[in-house]
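Examination of the molecular architecture
Here is how the chains run, residue by residue.
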Amino acid sequence: MKSQELRQAWIDFFVGKQHKLLPSASLIPDAMSTTLFTIAGMEQFVPVFLGEQPPPAPRAVTVQRCLRVAGAKSDIENVGRTGRHGTFLEMLGNFSFGDYYKREAIAWAWEFSTQVLKLDPKRIYVTVHTGDDEAERIWIEEIGLPKERISRWDEDNFWTMGPTGPCGPCSELFYDTGAEYASGPDDTGPNLGNRYVEFWNVVFQQYNRSADGKLTELPKKSIDTGAGFERCLALANGQASMYETDLFTDLIAAQPPVGQTSLAPDERRVRQNIIADHARAVTFLINDGIFPSNTDRGYVLRFLIRRAIRNGRLLGYPNGFLTELVPAVVQSLAPGYPELRQNVSRIQQTLRAEEQTFDRTLERGMAMLDRLIQDANDNCTRLISGQDAFVLHDTYGFPIELTREIASDGGVAVDTGEFETAMNEQRERARRDAKSKRAVVTLAELPAIKTEFTGYEGLEGDGEIVALLKEEKPVEELRAGDRGTVILDRTSFYAERGGQIGDRGRLTLADGSVFEVDDTQFMGDAVAHHGIVRSGEFRASNRVHTAVFDWWRREIRRHHTSAHLLQRALKDVLGDDVSQAGSWVGIDRMRFDFRWPGGALSPEQRHAVSARVNEMIRDDSHLITRELPIEQARATGAITMAGEKYGEVVRVVQAGPSVEFCGGTHSHTTGELGLFLILSESSIGSGIRRIESCVSAASEEFVNKQQTLVGDLASSLATTPDELGERIGKIQREVRDLQTAVGQLKARLAAADAQSYLERVERKGDRAFVGAVVHEANAEALRHLTSALRNRLHSGVIALAGIDNGTVSLLVSASDDLVKSGVHAGNLVKLAAPLVGGKGGGAPAQAQGGGKNAGGASDALNAIRDAVLN
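All values reported here derive from a predicted model rather than from experimental measurement.

What follows is about the overall build of the protein chain. Per the secondary structure count, the protein chain includes 22 helices and 35 strands. Overall size of the protein chain, expressed as C-alpha extent along the three principal axes, is 110 × 80 × 50 Å. Across the 870 residues of the protein chain, 51% fall into the buried class. Look at the contacts in the protein chain between residues 6 or more apart in sequence, and 68% of them connect residues 24 or more apart. For the protein chain, the exposed surface amounts to about 38800 Å²; the carbon and sulfur share of it is 48%.

Structural data, given as structure tokens:
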């Protein structure tokens, strides 16, 4: 059985049992998720299990892409070494949202395993939770499974997604691969070794675990099945290892021939397995909108890329091999995920840039690692600290495995415990915000609510209050002066999404009560109007009139439309390699982040982009908005954003030559935007640029301010705006001339002072020392004086302490002959700087430092004197 045949067989089986086929979610989970990546098929349905959203259907079937690299579900250490562990995997799922439960889920698991996968029923073993008598009874009495092939486990049979969220007891199916795969004599059943492979998990979703660990019953008992696609495929083909299926054998065959390597044949295959797995993972991560960085999801992507590259180097593969593997990965996975074909260029471009970056950082990181190894051997600890290993990871992108391997070659170990502590601290910082948001923003105490948005048709509308919140808790009413949240069944207010900020306006009742809305956000599928009651009181079931502030929506619409035009202009000017990385739309500016390998825009490119946007504005095209089924929408060629989650029906917005998927609000014509201005263009990460811009009233205000500023500057410099540049250039030349003259004057004054300082020279043997505290002298003045002294004192140490406005500057100069005899100016400054409450250092011949304690200047010079002469 081929991989695509199994995917289709799964879908056909459950669609035939009245399940609705739903698309795979992105590897990027919902913003409220407590996991860094999607790790299970049920993750996209968490709000449904919690009762925060209505189910998409009573029954559903999916093939969900997942990534397990960090945390409780991580299998990273076993990847490529066992036949059943990988980072990227596909999870076959069938779900019941309060419809069927244990009996049907267990029966269908058995039917699919034995009749579709055609597994030998006598080799299937089952586990159930220690407290689940019902599941065991179904397996024995209804399926006919012998009791001796059922075992009970506690934690192993209680499934959790993470520290919080839906969870419950589960029943797992294992397949006996044979005695030859046993880990040892005790490997006689599930969970005891490698012989029995777990390939199917039926989770009986029954509880929600809160942040304090408390379990509460879910609104409805549900079914969440996770069957490992890769493991099922291997077993269906009589293989114990998923690396023997077409998912991996094709990718191993596509790798370059093994070059010069010291690896044994078995270890070579392990490394090829790792590369195949990681190639699948990084291809999909980039496809879903993740790009390499040193934090969060970007770090995991970078780690996987560099781990694959390192394994490739151990195999003697040429540079760029991972980039060249992408077409093979896409060919393997595209039958199930056709969108991959559209993103091959972007994926390869990202991998190519990351490999080049790693080549550059590898050299610098190796210099640091070589020094650490040398230090560890010199001080006899033979240990590199975990903090240093973390710096290698965080600054130079060294995976900890790479650091450990190279350190081991040098006879040195790495404190991995300390390293993991540093890594966990970083991960905790990255996840803290998501955890806190899930802890606070929840509608679990309320019925599932989905607010209908009516704001595309106009700014005003009518709705009914379905919930009121005060201090994030449900209340019966809100009175005058209360801050709170109003949730309606219908609203004309746009809730913040896709970078567009939420609407502001007023909710009013027929009796004149007013609730002023200062922000609009989503809570699940409900639209939450945050604000304050200005007058009267609001109760559940009140009929409310909604009215968005006209000026607020107008300026947001125009800035949002400018984002569409800007993306089109960037592609027209820079090429199709440009892809949106994010945006933020406000009332007075727009921020657009985009990926482009070309670096900073030149002045000519920046001007061309701005001119192209303004050209589209002047065309005054009417915007056309259509709602289309997803596949029909894709066929229009509309621009989509990597990683964005789209439903079965999407809005396609056309603004002249710009065509994009977008659910935001937009201007009626491009001409409304008036004038487009680029305010700034900068880098915000590797390969990511940011443009801040404005249109409409904001651009008019900006131009007026600039005109006023230019006019005032011209007036103060006694010139005209047109001649301002020339006038400033003349002033700059005059300033440079004055600075040169001042420098020459200081040099002459220093030369005159030098003789008086030389009269205080102290000698001992062949060493001479000149030291002085110089008042009203900064670091630059000390440099002039030191130069004058050195012209007269060819052999010796010069130490000066300049005091300027309470700040001390130290400068030490040592002649070449004394440097050769062991004098080190940098060490002398390090010795003296603490006495002035500061620090410093430098080269053997000259060094500088400073501090804030002027009273210690004399002591600092005395310390240097004693070190030189004694």
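Spatial strand order, β23-β24-β29-β28: four strands in an open sheet with antiparallel pairing. Edge strands, defined here as strands with exactly one partner in the open sheet, are β23 (579-585) and β28 (677-685). The average angle at which neighbouring strand axes cross in this sheet is 20°, direction not considered. Pairing of β23 with strand β24 (residues 590-595) involves six bridges; the strand directions are antiparallel. Across the sheet, residue V585 finds its bridge partner in β24, namely M590. Packed on one face of the sheet, helix α14 (residues 550-574) meets β23, β24 and β29 (688-694) and runs near 30° to β24.

In this structure, R152 sits in strand β5 (residues 150-153). When the C-alpha positions of R152 and D132 are compared, they lie 8.7 Å apart, and in sequence the two are 20 residues distant. For R152, the side chain forms a polar contact with the main-chain oxygen of T130, separated by 2.6 Å. Looking at R152, its side chain comes within polar contact range of the side chain of E136, at 3.0 Å.

Quick look at the pairing of strand β3 (residues 88-97) now. Taking burial as the measure, the ten residues of β3 include ten buried ones, the bulk of the element. Residues of β3 alternate between two faces, with F88, E90, L92, N94 and S96 on one and L89, M91, G93, F95 and F97 on the opposite face, all of them buried. Looking at chain direction, strand β2 (residues 59-67) and β3 are connected through nine bridges and run antiparallel. By the bridge assignment, C66 is partnered in β3 with L89. Direction of pairing for β3 relative to strand β9 (residues 215-228): antiparallel, over a ladder of five bridges. Following the sheet pairing, F95 is matched in β9 by D224.

For α14, spanning 25 residues, the distance from its first C-alpha to its last is 36 Å, which sits close to the expected 36 Å at 1.5 Å a residue. Burial analysis of α14 places 20 of its 25 residues in the buried class, which makes it a mostly covered element. Looking one or two residues past α14, G575 carries a phi angle of roughly 115°, positive in sign.

For the rest of this paragraph, the subject is helix α15 (residues 603-618). Taking 1.5 Å of rise per residue, the 16 residues of α15 would be expected to cover 22 Å, and the 22 Å separating its terminal C-alpha atoms lies within 8% of that figure. Immediately downstream of α15, the backbone of D620 shows phi near 50°, a positive value.

One open sheet accounts for six strands, arranged β30-β31-β32-β33-β35-β34; its pairing is mixed. The sheet is open, and its two borders are formed by β30 (762-764) and β34 (839-842), each paired with just one other strand. If you compare each strand with its neighbour and ignore which way they point, the axes differ by 15° on average. Relative to strand β31 (residues 767-775), β30 is paired through three bridges, and the arrangement is antiparallel. Residue pairing for β31: E762 is matched across the bridge by F769.

For the coordinates displayed, the defined rule picks out 45 salt bridges. Its salt-bridge partner being D375, residue R371 comes within 3.8 Å of it at the nearest N-O pair. Of the two residues, R371 and D375 are both situated in helix α10 (residues 344-378); the distance of four residues between them amounts to about one turn of the helix. Looking at R371, the relative accessible area reads 46%, which means it is partly exposed. Taking the relative accessible area as the measure of exposure, D375 reaches 35% and is therefore partly exposed. Several salt bridges converge on common partners, so that one network encompasses D550, R554, E555, R557, R558 and E672.

Counting 110 residues, the largest nonpolar core has W10, L67, W139, W200, L304 and L322 as its most contacted members. Those residues in contact with L304, other than ones at most four positions away along the chain, are V69, I76, T87, H278, A281, V282 and L285. In terms of nonpolar packing, the next biggest core, distinct from the first, is built from 30 residues, F549, I556, A569 and C662 among them.

The tally for this structure, following the rule as stated, stands at 28 aromatic pairs. With a centroid separation of 5.2 Å and 15° between ring planes, the pair formed by F88 and F284 is classed as stacked. With a gap of 196 residues between them, F88 in strand β3 and F284 in helix α7 (residues 265-287) connect regions that are remote in the sequence. For F284, a relative accessible area of 0% puts it in the buried group. Here the guanidinium or amino end of R149 rests over the ring plane of Y125, the centre of that ring lying 5.8 Å away. One residue, R497, lies across the ring of F522, its end atom 3.8 Å from the ring centre.

Turning our attention to the pairing of strand β33 (residues 807-814). The two faces of a sheet get side chains in turn, since along a regular strand they alternate between them. Among the eight residues in β33, seven count as buried, and that is most of the element. Two elements, strand β32 (residues 797-804) and β33, share eight bridges in a ladder whose sense is antiparallel. Opposite D804, over in β33, you have T807 as the bridge partner. Relative to strand β35 (residues 846-851), β33 is paired through six bridges, and the arrangement is antiparallel. Bridge pairing in β35 links V812 to A847.

Quick look at the packing of helix α3 (residues 102-116) against helix α4 (residues 133-143) now. One can describe the packing of α3 onto α4 by two numbers: an axis separation of 10 Å at closest approach and a directional angle of 50°. The orientation of α3 relative to α4 falls into the category oblique. Where α3 crosses over α4, the two elements pack in a sense that is right-handed. Seen from α3, the contacting residues are K102, R103, I106, A107 and W110; seen from α4, they are E134, A135, R137, I138, W139, E142 and I143. Among the residues making up the contact of α3 with α4, the classes are represented as seven nonpolar, no polar and five charged.

What counts and how
Residues numbered from 1 in each chain as written. Predicted model: local features only at pLDDT ≥ 70, side-chain atom pairs only at ≥ 80, totals over all residues. Heavy atoms only, no water. Helix = DSSP H or I, 4+ residues; strand = E, 2+ residues; numbered from the N terminus. Buried < 20%, exposed > 50% of the residue type's maximum accessible area, 1.4 Å probe, protein only. Contact = heavy atoms within 4.5 Å. Areas by Shrake-Rupley, 256 points an atom, 1.4 Å probe, with all protein chains shown as cover. Pairing = 2+ DSSP bridges. Axes fitted to C-alpha atoms, helices over the stretch in contact; angles between N-to-C directions. Polar contact = N/O pair within 3.5 Å; in protein donor to acceptor, adjacent residues only side chain to side chain. Expected span 1.5 Å × (residues − 1). Salt bridge = Lys/Arg side-chain N within 4 Å of Asp/Glu carboxyl O. Core = buried A, V, L, I, M, F, W, Y, C linked by side-chain atoms within 4.5 Å. Phe/Tyr/Trp six-rings, centres within 6.5 Å; stacked < 30°, edge-to-face > 60°. Lys NZ or Arg CZ within 6 Å of the ring centre and 35° of its normal. Parallel < 35°, antiparallel > 145°, perpendicular 65-115°, else oblique. Left-handed = near helix turned anticlockwise from the far one by under 90°. Nonpolar A, V, L, I, M, F, W, Y, C, P; charged D, E, K, R; others polar.

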